[in-house]
Amino acid sequence: MRQNRAKFVVDRSGGSVGPEVRAGRVPVVGGTAWSATRTRVMTDRLDITSLLADLTLAEKASLLSGRTFWHTKGVDRLAIPAIMVADGPHGLRKQDPDNADHVGLQGSVPATCFPTAAGLASSWDAALVRRVGEAIATEARAQELAVVLGPGINIKRSPLCGRNFEYLSEDPVLTAILGTAMVEGIQSKGVGTSLKHFALNNQETDRFRASSDVDERTMREIYLAGFERVVRNARPWTVMCSYNRINGEWASQDRWLLTDVLRGEWGFDGLVVSDWGAVVHPPASVAAGLDLEMPTTGAVSARMIVAAVESGELDVADVDRSVERVLTLIDRALPGLAAEGDTVDADAHHDLARAAARQAAVLLTNDGTLPLRLDAGARLAVVGEFARTPRFQGAGSSKVNPTRLTTALDALRELVPGGVTIDFAPGFGVDDPDADDAALADEAVALAADAQVVVAFLGLPPSYESEGYDRTDMDLPAEQLALLARLAEGPAKVVVVLSHGSVVTVAPWLDQADAILDAWLGGQASGGAVADLLLGVANPSGKLAETIPLRIEDNPSYLSFGSRDGHVRYGEGRFVGYRHYDALHRDVAFPFGFGLSYTDFTIDGVTVTATDGDERTDEAWRGPVRATVTATVTNTGSRAGAEVVQVYVGRPDLDGARPVRELAAFARVELEPGASEKITLHLTERDASVWSEREGAWRYEPGPATVWVGTSSRDLPVAAEITFPGTVTVAPLDAGSTVGEWWEHPAGHEVFLDALRNSAVGDFSGLISDPEGFQMLRSIPLARLNRMTGGIVPPVEEVLAKLPAEARA
Ligand code: BGC
């Protein structure tokens, strides 16, 4: 039997597993746990052309929605198989399809729970993310899954979004590079991905209805940029549309988004699937370019599609096109489903999860207390419920049933040198209304009084952040902060380990901790990874993928986050995250890109060279290389470690409201003590371009740019000026063009002067010699100038007629 090839191993030692396991909620795996859900696919590749000819309209319509919560429909008559999909993104959530409750309350088969996207992104390590993707795909193949529903690459607009743990970053470049790695990793094993949630789904509040109201430039430069780059680079098999509306139109029936942009501009050749329940009117979705509605709606949607074709509301060609894409998806999945899968080595995947969690953690502060130096006889106080009940993933559709769970408490006990005593006190209750927090805190404070070091595991209880709702503040629970304040008054050094999926306020209590290690939601092995980092078995190298502001009020979306009257106004425009804080010179608690190490690095010999545009990167579509940055990174300390060199670009000349600088490229280097490595990064035309709403295209304009090189958005010791050659684009003139636009237009200038000279009421060319007066005239459209002055220029149609055709709009 095929399922026997999946050799998961569940650690039943009792020593290194968490409470869920102890409570028996992690089923024994090894095949039988998911045998009931199996749908073995044994079929030849599909002959799509002949199938399209043979299918009836009713059969075609039936293929455009699911059979179950997780299966597509098949057509027995023509041997078209059904395929199964499952969440994603940081591990599988394969539920029993006949008994699916969708939101993760009912168990799914065990799978490795890797660090959530918030953690993975802090690694800034595309190779690592790719390896995680490959491992997820290996498990997916063992489970006969065709598509993993992820990665989620929505931009983190606000720390309050309840689902931030599933998203990568506030920055589209980091998002795109890591998103590409995840898609490539999964798909390299013959399993599909679903890039989600397309698009503008940056909050959970009212997510099924609200309209995200955003100007196009902001969409293109921030919110669509990540999707564009992953689609173009990695060709995901599917894209999942979001629930929300975009400027009033449902994402699930937005033809501009799903067809014109996604396919027309970016060349997407896969299938668009709806988020679960996102479809409002099936025929409108099909017409717009949505191919597969999930989950099942019984026969309802199919009947509506047939009726719409028969009434003429829906073109049958649209149905055929979507059916072809469904068949293509099935066909793409067949080789992976039919072939022998790799054996799932749960040990190896758990080790990979631990390695990933080590790289996900960000060391925020350290006065030298870390790594812990514990001699025989030392006492370590471990405080905080999270040390034994780890918070390692978020709630909702991404909730994985882990193959095993390592707690930090157990891992520390295993790793500390002999003779070191570890005492534990929970300190506070987690989501437990009956907890006596005062008594728990007293116990923890008493324990800490006898210790050299107290490690306080603080974080957000599970109920604070989840799919389906947003937070209302970004603070840790008050009882945890009160406990920390008391621990800080004691004699022991205080190390704080944070577990949370979205940014928490740290500024008010920074001085109460001697070191802070931010572990995010690090997956099933995060307990072990944290122990490795605390004890110096591993060296922290994570860098923040999002800014930690001083207070939530500083966040640019603060005044417009949420939904009012069904609308979310993206009032801050392109100024998301560090783009805002940098533009306003606002202090932050920790900047984007920041993270400490136990070793030291230098970055020397930075060169920034403008190039002639003869070269292209692997991403040829991003245009010619226009600048090359080199730098040499040296590990000057005594431990192996990793540094991330970050390159930002600013275009001060382009319209005033441009972010001061934006991440363009980065390189992560791992170095032994004393070792050096030279890195080379390329800046392409796209890195220096802006989206022009007028032209509906990216514009690479000539002008000066500053290229910054450093290790965070606020630590950029090298700044070099270069000039991009660019292309001057002149807007064609039309009836609405202003005097200033005529004046600056190469062809319009003379025509305008001539018009002033030869108007029906005289020669008014003298107006241009009055600098003040002319400055005022510049903003007036020529047509209005004609009307409001009794004709000091001829009617605009006459003036336009004198222009060469190419100068007219
Ligand atoms: C979520 C998706 C998920 C789907 C299937 C939806 O509610 O938004 O991310 O893939 O459910 O579980």
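Preceding this section is the structure that the text describes.
Below is a short write-up of the structure. (Residues numbered from 1 in each chain as written. Predicted model: local features only at pLDDT ≥ 70, side-chain atom pairs only at ≥ 80, totals over all residues. Heavy atoms only, no water.)

What follows is about the sheet that holds strand β9 (residues 249-250). The strand order β9-β8-β6-β20 describes an open sheet built from 4 strands, whose pairing is mixed. The open sheet has two edge strands with one neighbour each: β9 and β20 (567-569). Pairing geometry for strand β8 (residues 245-246) and β9, over 2 bridges, is antiparallel. Looking across to β9, one finds that Arg 245 is bridged to Trp 250. (Pairing = 2+ DSSP bridges. Helix = DSSP H or I, 4+ residues; strand = E, 2+ residues; numbered from the N terminus.)

Glancing now at the side chain of Ser 765. As for its placement among the helices and strands, Ser 765 is situated in the loop between α20 (748-757) and α21 (771-777). The class for Ser 765 is buried, based on a relative accessible area of 18%. A distance of 2.7 Å separates the side chain of Ser 765 from the side chain of Asp 763, its partner in a polar contact. If we ignore the near neighbours within four places in the chain, the residues touching Ser 765 are Leu 756 and Arg 757. (Buried < 20%, exposed > 50% of the residue type's maximum accessible area, 1.4 Å probe, protein only. Polar contact = N/O pair within 3.5 Å; in protein donor to acceptor, adjacent residues only side chain to side chain. Contact = heavy atoms within 4.5 Å.)

Turning our attention to the site of the ligand. Around the ligand, the surrounding shell holds 15 residues, and the nearest of these are Asp 87, Arg 163, His 197, Tyr 243 and Asp 275. One of the side-chain nitrogen or oxygen atoms of His 197 is found 2.7 Å away from an oxygen atom of the ligand. Surface burial for the ligand is 100%, taken as the share of its 310 Å² of free accessible area covered by protein chains. Its residues placed into classes, the shell around the ligand shows 5 nonpolar, 3 polar and 7 charged. (Near = heavy atom within 4 Å. Areas by Shrake-Rupley, 256 points an atom, 1.4 Å probe, with all protein chains shown as cover. Nonpolar A, V, L, I, M, F, W, Y, C, P; charged D, E, K, R; others polar.)

What follows deals with the packing of aromatic side chains. Aromatic ring pairs are reported here in terms of the distance separating the ring centres and the angle at which the planes meet. Following the criterion strictly, the structure yields 16 aromatic pairs and no others. Relative to Tyr 570, the ring of Tyr 223 has its centre 5.1 Å away and its plane inclined at 80°; by these criteria the two rings are edge-to-face. Here Tyr 223, found in helix α7 (residues 216-223), pairs with Tyr 570, found in the loop between β20 and α18 (578-583); they are 347 residues apart in sequence, far enough to count as distant. The pair Tyr 223 / Tyr 570 is uniform in exposure class, with both members buried. Here the aromatic rings of Tyr 700 and Phe 724 are separated by 5.9 Å at their centres, their planes lie at 65°, and the arrangement is edge-to-face. Placement of the pair is Tyr 700 in the loop between β28 (697-699) and β29 (703-710) and Phe 724 in strand β30 (residues 718-724), with a sequence separation of 24 residues. Classification of Tyr 700 by relative accessible area gives buried; the value is 8%. An aromatic cluster of at least three residues, connected via ring pairs, comprises Trp 124, Tyr 578, Phe 592, Tyr 648 and Phe 666. Directly above the aromatic system of Tyr 570 lies the positively charged group of Arg 157, at a separation of 4.1 Å from the ring centroid. A cation sits over an aromatic face here: Arg 661 above Trp 708, 4.6 Å from the ring centre. (Phe/Tyr/Trp six-rings, centres within 6.5 Å; stacked < 30°, edge-to-face > 60°. Lys NZ or Arg CZ within 6 Å of the ring centre and 35° of its normal.)

To continue, consider the pairing of strand β10 (residues 271-274). Burial of the side chains of β10 extends over both faces: Leu 271 and Val 273 are buried on one face and Val 272 and Ser 274 on the other. Note: strand β7 (residues 238-241) against β10, 4 bridges, orientation parallel. Looking across to β10, one finds that Met 240 is bridged to Val 273.

Here we take up the environment of Val 147. Relative to the assigned elements, Val 147 resides in strand β4 (residues 147-148). Residue Val 147 is classed as buried on the basis of its relative accessible area of 2%. Along the backbone, Val 147 and Leu 329 are 182 residues apart, and their C-alpha atoms lie at a distance of 9.2 Å. Other than its neighbours up to four places away in sequence, Val 147 contacts Met 84, Val 85, Ala 86, Val 191, Gly 192, Thr 193, Ser 194, Thr 238 and Leu 329.

Once that is clear, we can look at helix α13 (residues 346-360). Here α13 contains 15 residues, and its C-alpha end-to-end distance of 20 Å stays within 8% of the 21 Å for a straight helix at 1.5 Å per residue. Here α13 has its buried residues at Ala 346, His 349, His 350, Leu 352, Ala 353, Arg 354, Ala 356, Ala 357, Gln 359 and Ala 360. One side-chain oxygen of the residue at the start of α13 lies 3.1 Å from the amide nitrogen of Asp 347, identifying that residue as Asp 345. (Expected span 1.5 Å × (residues − 1).)

Now for the environment of Pro 89. Mapped onto the secondary structure, Pro 89 falls in the loop between β2 (85-86) and β3 (110-111). For Pro 89, a relative accessible area of 8% gives the class buried. With 381 residues separating them along the chain, Pro 89 and Asp 470 place their C-alpha atoms 19 Å apart. In this view, Pro 89 contacts Ile 136, Leu 149, Gly 150, Pro 151, Gly 152, Glu 166, Met 182, Lys 196 and Ser 398; residues no more than four positions away in its chain are not counted.

Our focus in this paragraph is the sheet that holds strand β22 (residues 601-610). Spatial strand order, β22-β23-β26: 3 strands in an open sheet with antiparallel pairing. In the strand order of this sheet, the two ends are held by β22 and β26 (676-684), each with one partner. On average, each strand axis in the sheet is inclined to that of its neighbour by 15°, with strand direction left out of account. (Axes fitted to C-alpha atoms, helices over the stretch in contact; angles between N-to-C directions.)

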